[in-house]
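Coordinates in review
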Amino acid sequence: VGVREAVDRARAAEDVEGMRQKGLPSLKAGDFAENLLVSGIRTSELGLGSRLKLGDGVELVITQVGKVCHHHCAIFAQTGDCIMPRNGLFARVMKGGAVREGDLVQVLETVSRTVFQCVVLTASDRCSRGETEDTAGPAVASLLRRCLPAHLYACEILPDDRARLADR
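What comes next concerns the included structure.

Conventions and cut-offs
- Residue positions are given per chain, counting from 1 as you read along its sequence in written order.
- Only residues with pLDDT of 70 or above have their local features reported here, since the model is predicted, and side-chain atom pairs are shown and tallied only from 80 upward, although totals for entire chains, interfaces and linings are computed over all residues.
- The side-chain values count all of the structure's non-hydrogen atoms but skip hydrogen atoms and water molecules.
- Comment: elements are numbered from the N terminus, with helices defined as DSSP H or I runs of at least four residues and strands as E runs of at least two.
- Burial classification: accessible surface area is computed with a 1.4 Å probe over protein chains only, and a residue below 20% of its type maximum counts as buried, one above 50% as exposed, and the rest as partly exposed.
- When checking whether two residues touch, look at their non-hydrogen atoms; a contact exists if any pair is within 4.5 Å.
- Where accessible areas are quoted, they stem from the Shrake-Rupley method and a 1.4 Å probe; at the residue level, only the protein chains shown are allowed to cover.
- As used throughout, the charge tally considers Lys and Arg to be positive and Asp and Glu to be negative, leaving His and the chain termini uncounted.
- Every case where a carboxyl oxygen of Asp or Glu lies within 4 Å of a side-chain nitrogen of Lys or Arg is listed as a salt bridge.
- In the analysis that follows, any N or O atom pair within 3.5 Å is treated as a polar contact, provided that within protein one partner can donate a hydrogen and the other can accept it, and provided that, for residues neighboring in sequence, both atoms belong to side chains.
- We call a set of buried residues a nonpolar core when its members are Ala, Val, Leu, Ile, Met, Phe, Trp, Tyr or Cys and they connect through side-chain atoms within 4.5 Å of each other.

1. Observations regarding the overall build of the chain
- Along the chain, the regular secondary structure elements total six helices and 10 strands.
- A burial count over the chain gives 35% of its 168 residues as buried.
- Within the chain, residue pairs in contact and separated by at least 24 positions form 74% of the contacts whose partners lie at least 6 positions apart.
- When the accessible area of the chain is evaluated, it comes to approximately 10300 Å², of which 50% is carbon and sulfur surface.

What follows is the structure, encoded as structure tokens:
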């Protein structure tokens, strides 16, 4: 599998096995539309910003945990449960390459799901154009780190444009 842009869905092999036990004995890899199936790591402990290394150097960062099950999917109808809302992981590829079945998966950094996940957005035309330095965003980020058990997922500067801010 070539890993270059994004991993839409990663899933723990143990989750798939659990669903087999709940009444789907023929469930196989890919039935949840996952791009990557891993085993031996506790994916349920990986929060936003957690980093993984696959094989010889592919690196991923977790960008989303879970996805709303679309109106009780076929799996939910058969078992009364769907693991997608709580266990599916989405990731951004930070360093691409090839991944093969049996490659080692290492957790490089675990960001707990129990800490606040924060994004600091500074809305400023002048800062976004590089005309002046953003002092507000870094000040808010520093305050978050000091006052909360928080993980700063991103700190960004955007133009003061309502539509772009709403989209982001």
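2. Looking at the side chain of D134
- If you trace the backbone, D134 turns up in the loop between α4 (125-128) and α5 (136-147).
- For the buried D134, no salt bridge exists, and the shortest N-O distance to an oppositely charged side chain is 11 Å, to R145.
- Only 2.9 Å separates the side chain of D134 from the side chain of T122, close enough to count as a polar contact.
- A polar contact is formed between the side chain of D134 and the backbone nitrogen of G137, at a distance of 3.0 Å.
- Excluding its chain neighbours within four sequence positions, the residues that come into contact with D134 are T122, C127 and I157.

3. Things to note about the environment of I41
- Inspection of the secondary structure assignment puts I41 in the loop between β3 (36-38) and β4 (51-54).
- Judged by relative accessible area, I41 falls into the buried class, the value being 14%.
- Counting along the chain gives 65 residues from I41 to Q106, while the straight-line C-alpha distance between them is 8.1 Å.
- Once you skip the residues sitting within four places of it in the chain, I41 turns out to touch L46, L52, V105 and V107.

4. Some remarks on the nonpolar core
- With 14 residues, the main nonpolar core has L36, I41, L54 and L60 as its most contacted residues.
- Of all the secondary structure elements, the ones that give two or more residues to this core are β3, β4, β5 (58-65) and β6 (89-95).

5. So, the pattern of salt bridges
- Under the counting rule described, the total for this entry stands at five salt bridges.
- Each of the salt bridges in this network shares a partner with another, and the network as a whole consists of R51, E59 and E109.

6. Points about the environment of S50
- By the element assignment, S50 lies in the loop between β3 and β4.
- Sequence separation between S50 and A91 is 41 residues, and the spatial gap between their C-alpha atoms is 9.3 Å.
- If sequence neighbours within four positions are ignored, S50 has contacts with L60, V61, I62, E109, T110 and V111.
- Polar side-chain contacts of S50 include one of 2.9 Å to the backbone oxygen of G47.

7. Description of the side chain of H151
- Tracing the backbone shows H151 in strand β10 (residues 150-158).
- Within the structure, H151 has its side chain in polar contact with the side chain of Q117 (distance 3.1 Å).
- In contact with H151, other than residues within four places in its own chain, are L48, G49, V111, V115, F116, Q117 and C118.

Keep in mind these values describe shape, not function.
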